Amino acid sequence: MLPPPAYPTARPRRLRLTPALRAMVRETHLRPEDFIYPLFVRHGEGVRQPIPSMPGQFQLSMDTLVEEAQRAWDLGIRAVILFGIPAHKDPLGSENVDPHGVVPQAIAALKRVLPDLVVISDICMCEYTDHGHCGVINAPETAGFNPQLPEGYVLNDPTLDYISRAAVVHVQAGADMVAPSGMMDGMVAAIRSALDAAGFEHIPIMSYAAKYASALYGPFRDAAESPPAFGDRSQYQMDPSNAREALREVQLDIVEGADIIMVKPASFYLDILARLKEQTTLPLAAYQVSGEYAMIKAAAANGWIDETRVMLESLLSIKRAGADLILTYFAVQAAALL
Ligand code: PBG
Ligand code: ZN
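Predicted model only: the values in this text are computed from it and were never measured. (Residues numbered from 1 in each chain as written. Chains lettered and ligands numbered in written order. Predicted model: local features only at pLDDT ≥ 70, side-chain atom pairs only at ≥ 80, totals over all residues. Heavy atoms only, no water.)

Chemist: When you look at the nonpolar core in this model, what are you seeing that I'm missing?
Modeler: The nonpolar side chains of a soluble globular protein tend to be buried with one another. Membership of the largest hydrophobic core comes to 111 residues, with the highest contact counts inside it found for Phe 40, Ile 81, Leu 82, Leu 110, Leu 195, Met 206 and Tyr 287. In terms of residue count, helix H4 (residues 156–172) provides more of this core than any other element does, seven residues in total. Among all residues touching Phe 40, those that are not within four sequence positions of it are Ile 51, Met 54, Phe 58, Gln 59, Leu 60, Phe 83, Ile 85, Phe 220, Ala 223, Ala 224 and Tyr 329. (Core = buried A, V, L, I, M, F, W, Y, C linked by side-chain atoms within 4.5 Å. Buried < 20%, exposed > 50% of the residue type's maximum accessible area, 1.4 Å probe, protein only. Helix = DSSP H or I, 4+ residues; strand = E, 2+ residues; numbered from the N terminus. Contact = heavy atoms within 4.5 Å.)

Chemist: Just to check I follow, could you spell out the coordination of the zinc ion (ligand 2) for this structure?
Modeler: Where a metal carries four tetrahedral donors, each ideal angle is 109.5 degrees; where it carries six octahedral donors, the ideal angles are 90 or 180 degrees. On the protein side, the zinc ion (ligand 2) has Cys 124 (SG), Cys 126 (SG) and Cys 134 (SG) as donor atoms, found 2.2 to 2.3 Å from it. Between the four donor atoms coordinating the zinc ion (ligand 2), the angles at the centre fall across 97 to 119 degrees, so the site counts as tetrahedral. Donor residues binding the zinc ion (ligand 2) come from one chain and are separated in sequence as C-x1-C-x7-C. Of the two residues examined, Cys 126 and Cys 134, each falls in the buried class. (Donors = N, O, S within 2.8 Å, 3.2 Å for Na, K, Ca; no water. Tetrahedral: all angles 85-135°; square planar, octahedral: opposite > 155°, others 65-115°.)

Chemist: How do you make sense of the site of ligand 1 when you look at a structure like this?
Modeler: Taken together, 18 residues lie near ligand 1, and Lys 211, Arg 221, Lys 264, Ser 290 and Tyr 329 sit nearest. Within the side chain of Gln 237, an N or O atom sits 2.9 Å from an oxygen atom of ligand 1. The contact in question runs from an oxygen atom of ligand 1 to an N or O atom on the side chain of Tyr 329, over 2.6 Å. Contact with the protein chains removes 100% of the 400 Å² of surface that ligand 1 exposes when unbound. (Near = heavy atom within 4 Å. Polar contact = N/O pair within 3.5 Å; in protein donor to acceptor, adjacent residues only side chain to side chain. Areas by Shrake-Rupley, 256 points an atom, 1.4 Å probe, with all protein chains shown as cover.)

Chemist: Any chance you could explain the pattern of salt bridges here in plain terms?
Modeler: Note on pairing: side chains with opposite charge can pair once their charged atoms come close. Throughout the structure, instances matching the rule amount to 10 salt bridges. One connected set of salt bridges, linked through shared partners, spans Arg 31, Asp 34 and Lys 319. (Salt bridge = Lys/Arg side-chain N within 4 Å of Asp/Glu carboxyl O.)

Chemist: What's the story with the packing of helix H9 (residues 290–301) against helix H10 (residues 307–321) in this structure? I'm lost.
Modeler: To describe two helices that pack against each other, one gives the angle between their axes and the distance between the axes. Between H9 and H10, the least distance of the axes is 9 Å, while the angle of their chain directions is 160 degrees. Considering their axes alone, H9 and H10 lie roughly antiparallel with respect to each other. Note that H9 runs across H10; the crossing there is right-handed. Taking contact as the criterion, the partners of Ile 296, Lys 297 and Ala 300 in H9 are, on H10, Glu 307, Val 310 and Ser 314. Here the contact of H9 with H10 is composed, by residue class, of three nonpolar, one polar and two charged. (Axes fitted to C-alpha atoms, helices over the stretch in contact; angles between N-to-C directions. Parallel < 35°, antiparallel > 145°, perpendicular 65-115°, else oblique. Left-handed = near helix turned anticlockwise from the far one by under 90°. Nonpolar A, V, L, I, M, F, W, Y, C, P; charged D, E, K, R; others polar.)

Chemist: What is the right way to read the packing of aromatic side chains from this model?
Modeler: Each pair of aromatic rings is reported with the distance of its centres and the angle of its planes. Tallied over the full model, the rule gives nine aromatic pairs. Taking the centre distance of 6.2 Å and the plane angle of 5 degrees together, the rings of Phe 40 and Tyr 329 count as stacked. Of this pair, Phe 40 sits in strand E1 (residues 35–42) while Tyr 329 is found in the loop between strand E12 (325–328) and helix H11 (331–335), placing the two residues 289 residues apart along the sequence. In this structure, Phe 40 and Tyr 329 share a single accessibility class: buried. (Phe/Tyr/Trp six-rings, centres within 6.5 Å; stacked < 30°, edge-to-face > 60°.)

Chemist: Hey, could you run me through H9 in this one?
Modeler: Taking 1.5 Å per residue, 12 residues should reach 16 Å; H9 reaches 16 Å between its end C-alpha atoms and fits that length. Of all 12 residues in H9, nine are buried, a share of seventy percent or more. Buried within H9 we find Ser 290, Gly 291, Glu 292, Tyr 293, Ala 294, Ile 296, Lys 297, Ala 299 and Ala 300. The inward-facing, buried residues of H9 abut helix H6 (218–223), strand E11 (284–288), H10 and H11. Just past H9, the residue Gly 303 takes up positive phi, approximately 75 degrees. (Expected span 1.5 Å × (residues − 1).)

Chemist: Any chance you could explain the packing of helix H8 (residues 270–279) against H10 here in plain terms?
Modeler: Contact geometry of H8 with H10 gives a least axis separation of 8 Å together with a crossing angle of 30 degrees. Judged by residue contacts, Leu 270, Leu 273 and Ala 274 of H8 engage Ser 317, Ile 318 and Ala 321 from H10. Considered class by class, the residues forming the contact of H8 with H10 number five nonpolar, one polar and no charged.

Chemist: Explain H8 here, please?
Modeler: Note: α-helices contain 3.6 residues per turn, so residues at a spacing of three or four share the same orientation. For H8, every residue scored as buried is listed here: Ile 272, Leu 273 and Leu 276. On an axial view of H8, the arc spanned by its buried residues comes to 100 degrees, and they lie on one face. In the core, the buried residues of H8 are packed alongside helix H7 (244–256), strand E10 (260–264), E11 and H10. (Arc of directions from axis to C-beta.)

Chemist: Explanation requested: the pairing of strand E5 (residues 118–122) in the structure shown.
Modeler: One face of the sheet, then the other: side chains in a regular strand alternate in exactly this way. The buried count for E5 comes to four of five residues, which makes it a mostly enclosed element. Where strand E4 (residues 79–85) and E5 come together, four bridges link them in parallel fashion. Paired with Ile 81 across the bridge in E5 is Ile 120. Traced from E4 through helix H3 (residues 102–113) to E5, the parallel crossover comes out right-handed. By the bridge criterion, three bridges tie E5 to strand E8 (residues 177–179) in an arrangement that is parallel. Each residue of the ladder has a partner; that of Ile 120, found in E8, is Met 177. (Pairing = 2+ DSSP bridges. Right-handed = clockwise from strand over helix to strand, strands pointing away.)

Chemist: How do you make sense of the environment of Ile 296 when you look at a structure like this?
Modeler: Topologically, Ile 296 is positioned in helix H9. Exposure remark for Ile 296: the relative accessible area of 10% places this residue in the buried category. Here the alpha-carbon distance between Ile 296 and Glu 307, two residues 11 residues apart in the chain, equals 6.7 Å. Beyond its immediate stretch of four places on either side in the chain, Ile 296 contacts Gln 288, Ile 305, Glu 307, Val 310, Ser 314 and Phe 330.

This is a description of form; function is not addressed.
Written out as structure tokens, the structure reads:
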């Protein structure tokens, strides 16, 4: 019998000695193609309205939107996702289904200049409704009123009809992909049938499959001017306490025909990402949301953290946990470093 070695023979530090060695054994790499860049578009010309709680992000008009997307494209970013700020809001969010609405116009403007850019449209109602909810509200004066349900409840199936129409309108305007973020039951199936019926069988759906009722959406709601006027979104978005429920949501969306599955938010939900990676072979996306962005920006502005390093570490962690794609307001800033 040999005596036990004086030192353990396994020494992980051997592979950390030099930058070259570390580069050789690096497991996760960020690429500009990983990023989907969220953009806010409003009516007007030459608008570049700063969003106070999201330093470096702006509400853009069609012309400045195209400039921003061009900047992203030139850095290797291949996709943007659009959120619209309508000219007016009403109970049914009618501008979202208007072919001349802010987002259909923006899609057309982008595709004219950047035909190969993947333009994704988030077809949720909440930016367009005066009550700020992601669906049709149960009220006696509204079609689909159900006296068995409480007033103010977001009606599931009337909302499906509405977002299916929005999907078709945005795709007719040139969108390459639609992304429903409303967390209605059956939304993927409803949109899939509507797109297929309109001849758009080739247009993929990226489903916000596991979207949590998070407090991290605050800055987005400033940006999109879309906070709910009453109540909150806990009757449709997921409870942050639940993990197994995310698997169920994802299984349903897969059966319904989703092409990409998303988890949202990202950083606080890395366990969900890691578990879903084992459960699906579909591409997995994660949304690093406005609050995650704002926290990093705010701490960095105070000099408390190194912005660039924390930004890259956050994105790397999301990818390492299992995300194939990352929706992030840092897309341009990060891509410029890669
Ligand atoms: C709309 C929507 C929201 C976000 C994306 N789509 C807000 C919400 O659900 O209240 C949040 C994105 C972010 O915070 O960056 N349903
Ligand atoms: Zn919504």
